[in-house]
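Single-letter residue listing:
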Amino acid sequence: MLSRCDVIVVGAGPAGSTTARYAAEAGLDVLMIDKRKEIGLPVCCGEFNASPEILAEALPGARGLDELLPIGPELVQRRIRGAVAVSPKGREYEFDLPGCTVNRDAFDRHLADAAVRAGTVLSLDTKFLGREGRRVSTNRGEVEARVVVAADGPLSPTARSAGMERNAVLAPAITCRVDGEFGDRLRLIFGSSVAPGGYAWVFPKRGCANVGLGVQRPAAPVPVLLRAFLARNGFAARDVQAGFVPVSGPIPKTVRENVIAVGDAAGHVVASNGGGIATAMICGRLAGLAVARHLLDGEPLDAYERNWRSMVGGELLTAARTKRMADRVLRSDFLIERAMHLLGGRGIRDMIVFGGLGITR
Ligand SMILES: Cc1cc2nc3c(=O)[nH]c(=O)nc-3n(C[C@H](O)[C@H](O)[C@H](O)COP(=O)(O)OP(=O)(O)OC[C@H]3O[C@@H](n4cnc5c(N)ncnc54)[C@H](O)[C@@H]3O)c2cc1C
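Peer 1: Is there a simple way to think about the site of the ligand in this case?
Peer 2: The ligand sits among 36 residues. The nearest are Gly 11, Gly 13, Gly 46, Gly 263 and Gly 276. Residue assignment for the shell around the ligand shows that the elements contributing at least two residues are helix H1 (14–25), strand S10 (170–179), strand S14 (237–246) and helix H7 (277–297). At three residues, the largest contribution of residues to the shell around the ligand is made by H1. In terms of residue class, the shell around the ligand is made up of 17 nonpolar, twelve polar and seven charged.

Peer 1: Explanation requested: the pairing of strand S8 (residues 135–138) in the structure shown.
Peer 2: Side chains on a regular strand alternate between the two faces of the sheet. Of the two faces of S8, the one holding Val 136 and Thr 138 is buried and the one holding Arg 135 and Ser 137 is not buried anywhere. Counting the residues between successive antiparallel strands, the hairpin from strand S7 (residues 128–132) to S8 contains two residues, one of them, Gly 133, with a positive phi of roughly 55 degrees. In this antiparallel pair of consecutive strands, S8 and strand S9 (residues 141–150), the connection spans two residues.

Peer 1: Help me out: how do you make sense of the nonpolar core in this one?
Peer 2: Judged by nonpolar contacts, the single largest core of 111 residues is most densely connected at Val 7, Ile 8, Val 149, Leu 213 and Val 262. Of the residues forming this core, the biggest block, twelve residues, is contributed by H7. Residue contacts for Val 149: discarding those within four places in its chain leaves Val 7, Ile 8, Val 9, Val 10, Gly 16, Thr 19, Ile 260, Val 262 and Ala 287.

Peer 1: Help me out: how do you make sense of unusual backbone geometry in this one?
Peer 2: A negative phi angle characterises most non-glycine residues, just as the trans form characterises most peptide bonds. With an omega of 0 degrees, the peptide bond between Leu 41 and Pro 42 qualifies as cis. Mapped onto the fold, Pro 42 is located in the loop between strand S2 (30–33) and strand S3 (48–50). A positive phi angle, near 70 degrees, is found at Glu 47, a position not held by glycine. For Glu 47, the location among the structural elements is in the loop between S2 and S3. Assessed through the 24 C-beta atoms surrounding it within 10 Å, Glu 47 is described here as buried.

Peer 1: Help me understand the environment of Phe 95 in this model?
Peer 2: Checked against the element boundaries, Phe 95 lands in strand S5 (residues 92–102). Once the C-alpha coordinates of Phe 95 and Glu 53 are considered, the two residues, 42 residues apart in sequence, prove to be 15 Å apart. Contact partners of Phe 95, with chain neighbours within four places excluded, come to Gly 82, Ala 83, Gly 345, Arg 346, Ile 348 and Arg 349.

Peer 1: What is the right way to look at the sheet that holds strand S12 (residues 199–204) in this model?
Peer 2: To summarise the sheet geometry, strands pair through backbone hydrogen bonds and adopt either a parallel or an antiparallel arrangement. Across the sheet, which stays open at both edges, the eight strands sit in the order S3-S5-S4-S11-S12-S13-S10-S14 with mixed pairing between neighbours. Each end of this open sheet is capped by a strand with a single partner; those strands are S3 and S14. Between one strand axis and the next, the sheet turns through 30 degrees on average, direction left out of account. Packed on one face of the sheet, helix H9 (residues 333–354) meets S3, strand S4 (76–86) and S5 and runs near 20 degrees to S5.

Peer 1: Looking at this structure, how should I read the pairing of S2?
Peer 2: Because side chains alternate across S2, one face comprises the buried residues Val 30 and Met 32, and the other comprises Leu 31 and Ile 33, equally buried. One ladder, built from four bridges, connects strand S1 (residues 4–10) with S2; its direction is parallel. In the sheet register, Ile 8 faces S2, and the bridge partner there is Leu 31. Tracing the backbone out of S1, into H1 and back to the parallel element S2 gives a crossover that is right-handed. Across three bridges, the pairing between S2 and strand S6 (residues 121–123) is parallel. Residue pairing in the sheet places Ile 33 in a bridge with Ser 123 of S6.

So, how was this worked out
Residues numbered from 1 in each chain as written. Predicted model: local features only at pLDDT ≥ 70, side-chain atom pairs only at ≥ 80, totals over all residues. Near = placed C-beta within 6 Å. Helix = DSSP H or I, 4+ residues; strand = E, 2+ residues; numbered from the N terminus. Nonpolar A, V, L, I, M, F, W, Y, C, P; charged D, E, K, R; others polar. Buried ≥ 20, exposed ≤ 12 C-beta atoms within 10 Å, placed from the backbone. Pairing = 2+ DSSP bridges. Core = buried A, V, L, I, M, F, W, Y, C linked by C-beta atoms within 7 Å. Contact = placed C-beta atoms within 7 Å. Axes fitted to C-alpha atoms, helices over the stretch in contact; angles between N-to-C directions. Right-handed = clockwise from strand over helix to strand, strands pointing away.

The structure is reproduced here in structure tokens:
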């Protein structure tokens, strides 16, 4: 492992690998570390990506989508045509939602490979332990870095080391795989007994589905809720993994001292649906470019904060507001049933996918 570099990126998920790729392409010495022994494993994700067209609609200010988001056929598990939202009483509301599912470990490896091809040095099984100024300590020794990128997920000890706030609401979520054929529509299942404060999902893949749920203030732990959901549907699960989704919107400040936060560490998640892969990559690209301009041209590092806020900040805040509003409805099956009936498929799509009410596209 390098003992000195321009940039150390902590976390080799979509945010870290994208940041590393753009910083390395600009000519910086980049070291990316991850505590995992293998990139992307174990998988803890629903593994769905909306199409670039949907993302361009949902995040109209985002730039670079064409470059970042085409997902090659080798990575696609199942092309998705649309979704069905299921109410507590079992009523179904269909809407269009083009996109695809992936194997998240292969997807993350693909992004990390691009960073390495650009010149990033990757060190796995390397855990961030602490930071003082430019000195970062890991289980493999100390590294001196001019800029430190916190891309280490929702709990981000790296962002904490600079005094950044943690996302105020971390929603517990759990996922697994179930064998079988599940068509080409996502299923999102609502109801307080299934997924209190959130939803359960069945996302079709090749020969299996990613099945899981995300909740808020659950009366029972997520493994118990998942077991009940699987039993109700006669599903047998493998590869169960639980994690957190930051759903209160971006943290107030993502640049402090020589540290910048990106992806889940910064709350770059569309809170109304819990998706954060695309926003991690969009903001990762901005982070890599901003670090390069800072170190090569002397631009202040906090230009990064202005850039991501002007590109996607408004939409992320709107989605977090929508999520808070929806939280009140999600407490009661009666209200969920009424709201879904009033919104219909199109309105449900606008709220979940675009994070806003009454948006006509
Ligand atoms: C159950 C679940 C389902 C989801 N489903 C979807 C979905 O279908 N679609 C979607 O778009 N989003 C989904 N998300 C959200 C999505 O997974 C995240 O938004 C996305 O992974 C954010 O990328 P990231 O690079 O910021 O963080 P991560 O992908 O979490 O990567 C962070 C990396 O940092 C590493 N790390 C952590 N701590 C340390 C440390 N101390 N030292 C070194 N390395 C460290 C981790 O090992 C990890 O590799 C889901 C999340 C969950 C929990």
